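Working through the structure, step by step
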Protein chains: 2
Amino acid sequence: SCILHEPFFGVLDYGGLHMPGPVIFSSWTSVDTDFLCDEDPALFSKHRSQTPPKTWARSGTASEFQSIDFDLHENAQFLEHRVVGGVAHLKKVMKWACVIQVGIVTALLGFGIDTVLEVFFDLQRMMRDSLITHDWQVGAQLAVHVAVCVVFASVAGFFVCFVEPLAAGSGIPEIKCALNGVEIPRIWRMRTLISKAVGVLFSVAAGLPCGKEGPMIHSGAVIGALVARNRYAPQFLDLTGTCDVSDFVISGASAGVAATFGAPVGGVLFAMEEGSAFWNPRIMLLTFVCAATSASFTNLFQTGEDMVHWGLMGGLQSHSFGHFDMHVYRCWEISIFIVVGACGGLGGAAFNAANRKLSLWRVRLGSRGFKRFCEVVVVAAIIATINFMLPVLLEGESAIQEDMARHARLFRTSGSTSTRDLFHCEEDFDSVGLLVFAVIYCVLACWTYGLGVPSGLFIPSLLTGAAFGRLLGQGLQAWSLDTLPAGVYAMIGAAAALAGMARITLSLAVILAEGSSSMSLGIPLFVTVIVARAVGNFFNRGIYDIHIGLKRLPLLEHFAESKMKRFCARDVMTKEVVALDPLIVISHLMGILSGCNHHGFPVVGLKTGRFGGMIRRSVLLRVLLCAKEYPLLLSADASFRDVTVVPYHRMKPDGRCPTLEMVRASLRPDDFDKVLDIRPYILEGGSSVTDHTSLTRVYTLFRTLGLRHLPVVNAGRVVGIITRKDLLFV
Amino acid sequence: SCILHEPFFGVLDYGGLHMPGPVIFSSWTSVDTDFLCDEDPALFSKHRSQTPPKTWARSGTASEFQSIDFDLHENAQFLEHRVVGGVAHLKKVMKWACVIQVGIVTALLGFGIDTVLEVFFDLQRMMRDSLITHDWQVGAQLAVHVAVCVVFASVAGFFVCFVEPLAAGSGIPEIKCALNGVEIPRIWRMRTLISKAVGVLFSVAAGLPCGKEGPMIHSGAVIGALVARNRYAPQFLDLTGTCDVSDFVISGASAGVAATFGAPVGGVLFAMEEGSAFWNPRIMLLTFVCAATSASFTNLFQTGEDMVHWGLMGGLQSHSFGHFDMHVYRCWEISIFIVVGACGGLGGAAFNAANRKLSLWRVRLGSRGFKRFCEVVVVAAIIATINFMLPVLLEGESAIQEDMARHARLFRTSGSTSTRDLFHCEEDFDSVGLLVFAVIYCVLACWTYGLGVPSGLFIPSLLTGAAFGRLLGQGLQAWSLDTLPAGVYAMIGAAAALAGMARITLSLAVILAEGSSSMSLGIPLFVTVIVARAVGNFFNRGIYDIHIGLKRLPLLEHFAESKMKRFCARDVMTKEVVALDPLIVISHLMGILSGCNHHGFPVVGLKTGRFGGMIRRSVLLRVLLCAKEYPLLLSADASFRDVTVVPYHRMKPDGRCPTLEMVRASLRPDDFDKVLDIRPYILEGGSSVTDHTSLTRVYTLFRTLGLRHLPVVNAGRVVGIITRKDLLFV
């Protein structure tokens with residue numbers, strides 16, 4: 001091990017090879033970059049050579065996260081494999097089969113969650129009703145109700161605070177980042193899936209104002225990743241397999257939408273609008289097949305238990321928001337939709353701002369542990385008390401669930417049932433009661449999102465919006481205006497509220513339209529969501545983006561920020577580049593690998609000093625692990641004419657990358673003096689830029705090609721390297 | 001002018017500058033590329049250095065088409081402008097306003113076409129009926145009918161054969177290519193729009209089996225381009241404006257779908273599935289707003305003429321395929337949908353193969369002129385005869401339209417009316433009559449597509465499929481199976497037929513579901529279209545792709561073909577590169593510009609011989625045109641320290657690129673000896689590859705970044721250049 005601690009940048013001399021000295025290029029200025037500037041190099045770079053921005057993110061939590069490289073590592077070994085290997089057709093068939101499997105499993109999970117939730121709610125209702133019929137005191141009833149809710153919430157909180165913190169919240173920010181190229185540790189584990197799926201059962205059953213929708217989308221995505229890694233891999237994945245896995249993740253997410261809302265088209269559009277970093281017709285078809293499978297099976301599972309109804313698909317049960325008949329409206333009503341949309345945008349912006357403040361405070365509690373768990377218990381107790389007491393205050397104490405007034409019942413039933421009631425109930429709700437419910441529910445929803453439980457935001461914001469929309473609709477009807485029914489206004493309001501918070505447009509409108517089979521209400525929905533988004537965006541960002549920011553996840557938006565226009569590659573690149581030699585001594589290589597945590601290294605030619613390509617840490621580790629099996633390690637004076645190349649398929653026995661420890665354990669002490677030829681494993685044709693390249697162009701390259709590292713090369717010499725973190729503005 | 005004809009690659013010597021001799025690099029091998037190969041350069045390139053493929057397209061019609069460069073030409077001048085210029089906010093507002101305008105104009109056009117078509121059909125029907133009531137002989141009736149149809153068809157044919165050949169067909173292949181980056185001359189002209197829109201009126205009114213849908217989509221796209229160029233440009237477009245214009249084109253196309261089918265979501269999905277080369281949430285939102293606007297206004301226009309109905313939106317009239325109630329079906333029926341889908345795929349493949357043979361024969365007629373016109377007249381006469389005589393043979397001669405049996409009436413009414421009948425008619429059609437109609441109509445539709453008239457394929461294939469589907473549905477009902485109504489089967493059949501021909505999946509299903517307000521039938525539609533596409537793709541390509549191939553349009557598919565795996569950049573690049581010097585003598589530059597038709601030139605440093613960046617022909621021409629106004633042209637012995645740079649906004653007074661003739665006219669004779677400094681106009685940071693880069697990677701770069709030229713640079717030296725045509729496999 002002493003070999004490892006020797007300074008690894010010294011000049012070693014062995015055999016005919018000369019190991020060049022410093023592999024850290026510390027300044028780009030030493031390189032002759034001004035190819036054109038026979039006259040004066042400063043002439044045309046006057047507007048660029050500003051002082052390098054000090055506002056760039058180089059620190060903080062963002063650096064915890066690694067990036068994903070969507071770019072193929074097309075080295076000689078891989079190219080050889082690709083030409084020879086003939087599994088393309090089988091791979092295609094396997095892919096489709098796996099996607100269909102993802103759809104079916106997601107549908108099963110969704111159906112399971114629904115069924116269990118129904119049982120939970122039935123039990124709670126029965127318990128409450130039996131307490132009333134047995135003439136218990138209100139205080140005792142309250143105590144029992146709160147106790148039950150707190151127990152449920154604790155179970156949900158336990159999964160988040162002590163098992164897997166990633167199960168908290170809706171999971172949509174995490175999915176969005178993962179698809180964008182941020183490697184979030186532990187997100188694709190079975191443990192996360194179980195925590196999320198079981199946790200959300202209990203958080204919804206605890207009567208917290210949250211929905212199962214976001215967590216279902218997250219669960220679908222995890223199912224996609226798990227199927228991709230375990231069934232589909234390792235034979236069919238490329239070396240890192242990131243592209244394939246991300247296709248499955250996005251398909252799984254859309255299957256989640258399809259399973260919860262019965263909205264396959266909405267699922268595809270949601271995946272496109274929120275999730276996707278890369279999009280093309282092939283991914284669209286994959287996503288669509290997965291979502292359609294999931295929706296079909298969900299519909300099939302929901303058809304009923306008895307033999308008469310079983311298998312009777314396409315009926316009312318397939319519409320999560322109930323069925324709307326065809327409605328007509330006067331064209332002037334569109335102005336009302338615009339107003340509703342604007343209100344939704346304003347309300348959503350206020351909600352987001354409030355939730356942001358709360359979440360900033362919440363960061364102190366940490367992402368796991370007892371403090372966070374206590375908050376869950378306290379909040380659950382308070383919400384349970386409110387949910388129990390308000391109907392009592394409004395209605396008197398002795399009403400059992402079925403006798404309760406419609407507006408009072410809203411506090412006690414699940415969010416999705418309440419939403420359906422608001423959409424479809426023919427008779428009017430009590431206006432004051434509805435207003436009280438809407439305001440209180442909205443505040444509670446804001447308080448809950450970000451709590452240490454799995455909690456979706458769809459249902460709470462839809463329900464809040466539906467309550468306000470219903471109020472408006474009833475008001476319009478009361479003024480005997482010939483408008484759409486109050487239930488339709490409830491849907492418009494719901495769309496406005498969710499679009500105002502999450503800034504989703506088309507996919508939300510389609511989810512609502514599909515979920516209520518009301519394509520004739522498309523135009524009102526479209527107008528509302530577009531206005532809500534525009535108004536909301538005027539004030540702040542969407543709730544998911546806010547949470548991405550709070551978690552300091554290094555998401556790259558689709559377009560560069562306008563501030564980037566002022567800078568070029570030189571201003572953001574890391575100038576200290578750790579480069580490798582094509583023929584490298586193992587002790588030297590192991591030193592570099594253990595001495596830094598870079599994931600990609602430029603390889604620089606021995607004699608010429610020229611940039612030859614990039615090599616990934618994972619590739620190096622895999623090659624080193626194979627070094628014993630193949631005669632890869634040669635003594636320094638050997639001939640490097642006919643170097644053995646590890647066959648590609650040997651490089652990924654189980655799709656996982658070996659650790660440095662595993663590699664070190666596999667090497668004998670005398671191996672450390674030997675030389676490894678890494679030339680066949682170098683990505684020679686990868687992207688690179690010059691230090692003149694504008695930063696917006698660098699950003700576009702990163703964004704459209706899904707890069708992780710971008711070497712900055714001037715006239716064949718590496719002068720710097722740019723990674724995702726260098727591109728993040730704080 | 002004698003200056004222009006002097007050999008422009010000679011060594012000129014003036015002042016302190018040395019003009020290097022040959023600017024054509026004819027071989028890459030002379031350049032030192034083997035940076036790594038201290039041992040043996042052939043070692044790691046053994047699987048690559050195959051003989052360059054001889055099958056690459058370098059010739060033929062494809063070279064008629066220029067490519068579009070979606071990449072920004074970020075030269076020093078532009079970067080300066082971008083940092084200083086502050087029109088971003090206004091630009092945004094303008095863009096939204098223009099997109100809404102595109103939606104409204106498209107809706108107006110669609111409504112206009114519908115209205116005029118209705119008048120034409122009413123007149124024809126009245127004429128036929130009055131002939132019958134006046135007891136004309138069948139022969140005389142036939143003669144009048146055929147004469148009217150031939151006159152209508154001639155008008156349509158006139159527009160295509162003598163005015164604008166691009167107005168032929170559906171226009172979807174052309175739109176697809178234009179968005180992909182192929183510059184199709186004349187496609188965005190007002191003349192094309194008028195030819196298409198007016199022409200399709202007459203071709204549909206002539207009773208040809210074609211629809212107005214494809215042409216409407218094309219018209220929408222042209223409207224988008226026209227608005228972008230005339231309203232939005234020139235203040236807000238970037239130098240070439242291709243990105244902005246293509247956003248408008250795609251929005252316009254989706255508005256076209258929204259206007260014809262009343263399906264805004266379908267429009268967005270269609271644009272994504274068929275049209276888009278680049279896709280991101282921003283384009284999606286733009287497209288969505290445009291489609292929603294178009295659908296809203298179409299709905300508003302269609303609400304009726306009287307005061308009672310005017311403005312009553314959301315009703316039946318907004319559904320182009322009529323309204324389906326909610327239907328339930330047993331899960332085993334899905335197997336029938338699969339069979340229908342498979343049949344659709346088979347039928348579609350047969351249709352495509354037949355149409356391909358026919359179109360290959362048709363190429364001989366030329367794209368315009370008398371021969372093609374004659375074909376239109378002959379085909380129209382035959383089809384009119386069939387359409388007239390078959391009802392007479394089936395029904396007897398004296399039936400006026402309203403008395404005719406339902407199946408006989410199919411021959412006489414417009415395609416969209418017939419489709420609605422097949423979808424919604426409660427009573428059964430006569431099976432034999434329906435079968436006769438389906439077979440004959442299918443053959444005629446195949447014959448018509450590709451004829452010299454504007455003709456969409458949507459309605460013909462939907463109608464054929466609907467007829468077969470209805471037959472199946474009636475058969476199932478007759479066996480007293482408890483299946484979905486025959487009308488629903490007609491819709492399933494329609495979806496199968498169109499998906500089998502055009503291989504559209506999600507967008508087609510959504511268009512049908514939106515157009516008939518039947519989201520509950522989503523799953524049957526999804527299953528059908530997915531199966532139809534899969535089966536069809538087994539045999540041949542979609543009809544649009546076949547026509548793109550026949551027209552030899554250089555479309556780049558989303559993914560590289562697997563054959564490309566074997567090659568690298570070196571194998572396809574053009575080795576004869578015409579390079580420019582940063583300080584260039586005008587006579588030399590004008591000689592190069594007139595001596596070749598390249599649209600991009602690498603600039604190579606004077607002393608160093610290094611690659612400095614690319615410059616576009618259009619930029620050079622604009623700069624030369626400004627040369628008089630700004631003191632750009634200096635004598636060869638001048639100092640090039642402080643060169644005047646043309647302000648960016650002066651470069652695009654009307655968005656058009658000046659011709660070489662205009663430039664030549666603007667120069668005085670003594671200007672030809674002067675020197676122009678082109679350094680500020682060079683794109684320095686553009687993409688480049690090495691000659692080792694794998695061809696699939698080159699393809700991906702072209703495809704994802706929308707490139708037009710890709711220089712191949714080894715260690716700072718240009719060794720070749722790759723253009724779109726080099727990437728096309730024959």
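Only a predicted model underlies this, so the values are computations on that prediction, with no experimental measurement involved. (Residues numbered from 1 in each chain as written. Chains lettered and ligands numbered in written order. Predicted model: local features only at pLDDT ≥ 70, side-chain atom pairs only at ≥ 80, totals over all residues. Heavy atoms only, no water.)

Before going further, it helps to examine the overall build of chain A. Within chain A one finds 25 helices and 15 strands. Going through the 730 residues of chain A one by one, you find that 62% of them count as buried. Residue pairs at least 24 apart in sequence account for 79% of intrachain contacts in chain A once pairs closer than 6 positions are excluded. (Helix = DSSP H or I, 4+ residues; strand = E, 2+ residues; numbered from the N terminus. Buried < 20%, exposed > 50% of the residue type's maximum accessible area, 1.4 Å probe, protein only. Contact = heavy atoms within 4.5 Å.)

The subject of this paragraph is the domain arrangement of chain A. It is common to give the size of an interface as the accessible area lost on bringing the parts into contact. For chain A, the domain assignment lists domain 1 (88-300), domain 2 (332-369 + 414-551) and domain 3 (563-729). Centre-to-centre separation of domain 2 of chain A and domain 3 of chain A, based on C-alpha positions: 49 Å. (Domains from an automatic or database assignment.)

With that settled, the discussion passes to the interface of chain A and chain B. At the interface, 109 residues of chain A touch 109 residues of chain B. Carbon and sulfur atoms supply 65% of the area that chain A and chain B bury against each other, a total of about 9,900 Å² over both sides. Counting across the chain A and chain B interface gives zero salt bridges. On inspection of chain A and its partner chain B, the count reaches six residue pairs in polar contact (both at pLDDT 80 or more). Considering each element in turn, the side of chain A that touches chain B owes the most residues, 11 residues, to helix α10 (residues 281-301) of chain A. Pairing geometry for strand β6 (residues 312-313) of chain A and strand β7 (residues 329-330) of chain B, over two bridges, is antiparallel. (Buried area = accessible area lost by both parts, 1.4 Å probe. Salt bridge = Lys/Arg side-chain N within 4 Å of Asp/Glu carboxyl O. Polar contact = N/O pair within 3.5 Å; in protein donor to acceptor, adjacent residues only side chain to side chain. Pairing = 2+ DSSP bridges.)

Under the UniProt annotation, the feature "domain: CBS" (unreviewed entry) is placed at residues 573-632 and 682-730 of chain A. Overall, residues 573-632 of chain A shows 33% helix and 27% strand. The separation of its end C-alpha atoms is 34 Å. (UniProt positions renumbered as here; feature names shortened; annotations may be inferred.)

We now examine the relation of the copies chain A and chain B. When chain A is brought onto chain B, the operation consists of a screw motion whose angular component is 180° and whose axial shift is 0.0 Å, with 0.0 Å RMSD remaining. One copy is carried onto the other by what is essentially a two-fold rotation axis. In this assembly, 100% of the residues forming the interface of chain A have copies in chain B that are likewise at the interface, indicating an isologous arrangement. (Least-squares fit on C-alpha atoms with pLDDT ≥ 70 in both.)

What follows is about the sheet that holds strand β13 (residues 675-677) of chain A. Residues and elements named next belong to chain A. The strand order across the open sheet formed by three strands is β9-β13-β12, and the pairing between neighbours is antiparallel. Only two strands of the sheet have a single neighbouring strand rather than two, namely β9 (583-585) and β12 (633-634). For β12 and β13, the ladder comprises two bridges, and the chain directions are antiparallel. Residue leucine 633 lies in a different strand from β13, and its bridge partner there is leucine 676. Across the sheet, helix α22 (residues 586-595) lies against β9, β12 and β13, angled at about 80° from β9, the strand it touches most. (Axes fitted to C-alpha atoms, helices over the stretch in contact; angles between N-to-C directions.)

Residue and element names in this part refer to chain A. A volume near 260 Å³ is recorded for the second largest cavity. Taken together, 25 residues form the lining of the second largest cavity, with Gly207, Asn387, Phe411, Arg412 and Thr413 sitting closest to its centre. Of all the secondary structure elements, the ones that give two or more residues to the lining of the second largest cavity are α3 (88-133), α4 (138-163), α6 (190-205), α12 (370-395), α14 (415-424) and α15 (431-448). Classifying every residue of the lining of the second largest cavity by side-chain character gives 15 nonpolar, eight polar and two charged. Three or more residues apiece are contributed to the lining of the second largest cavity by two domains, here domain 1 (88-300) and domain 2 (332-369 + 414-551). (1 Å grid on protein atoms, 1.4 Å probe; cavity = no way out; pocket = protein on both sides within 12 Å on 5 of 7 lines; lining within 4 Å. Points joined across faces, edges and corners; volume = space filled by probe spheres on them. Nonpolar A, V, L, I, M, F, W, Y, C, P; charged D, E, K, R; others polar.)

Below, the discussion takes up helix α22 (residues 617-626) of chain B. By the criterion of burial, α22 of chain B is predominantly enclosed, with nine of the 10 residues buried. Summarising the contacts, the buried residues of α22 of chain B are in contact with α21 (586-595), β10 (600-604), β11 (611-616), α23 (660-666) and β12 (675-677) of chain B.

This part covers the packing of aromatic side chains. Residues and elements named next belong to chain A. Summed over the entire model, instances satisfying the criterion amount to 40 aromatic pairs over all chains. Centroid distance phenylalanine 411 to phenylalanine 437: 5.1 Å. Interplanar angle 85°. Geometry classified as edge-to-face. Here phenylalanine 437 lies in helix α15 and phenylalanine 411 lies in the loop between α13 (406-409) and α14, a separation of 26 residues in the sequence. Summarising the burial analysis for this pair, phenylalanine 411 and phenylalanine 437 share the class buried. (Phe/Tyr/Trp six-rings, centres within 6.5 Å; stacked < 30°, edge-to-face > 60°.)

To continue, consider the packing of α21 of chain B against α22 of chain B. Residue and element names in this part refer to chain B. Where α21 contacts α22, the axes come no closer than 12 Å and their chain directions differ by 140°. What the angle tells us is that α21 and α22 run oblique. Note that α21 runs across α22; the crossing there is left-handed. Across from Ile586, Leu589, Met590 and Leu593 in α21, the residues of α22 making contact are Arg617, Leu620, Leu621 and Leu624. (Parallel < 35°, antiparallel > 145°, perpendicular 65-115°, else oblique. Left-handed = near helix turned anticlockwise from the far one by under 90°.)

Residues and elements named next belong to chain B. Applying the stated criterion across every chain yields a total of 30 salt bridges over all chains. Salt-bridge contacts for lysine 212 lead to aspartate 114; the nearest nitrogen and oxygen are separated by 3.3 Å. Of this pair, lysine 212 sits in the loop between α5 (190-205) and α6 (213-232) while aspartate 114 sits in helix α2 (residues 88-133); the two residues are 98 residues apart in sequence, bridging distant segments of the chain. When sorted by exposure, lysine 212 lands in the same class as aspartate 114, which is buried. For arginine 406, the salt bridge identified is with glutamate 427, shortest N-O distance 2.8 Å.

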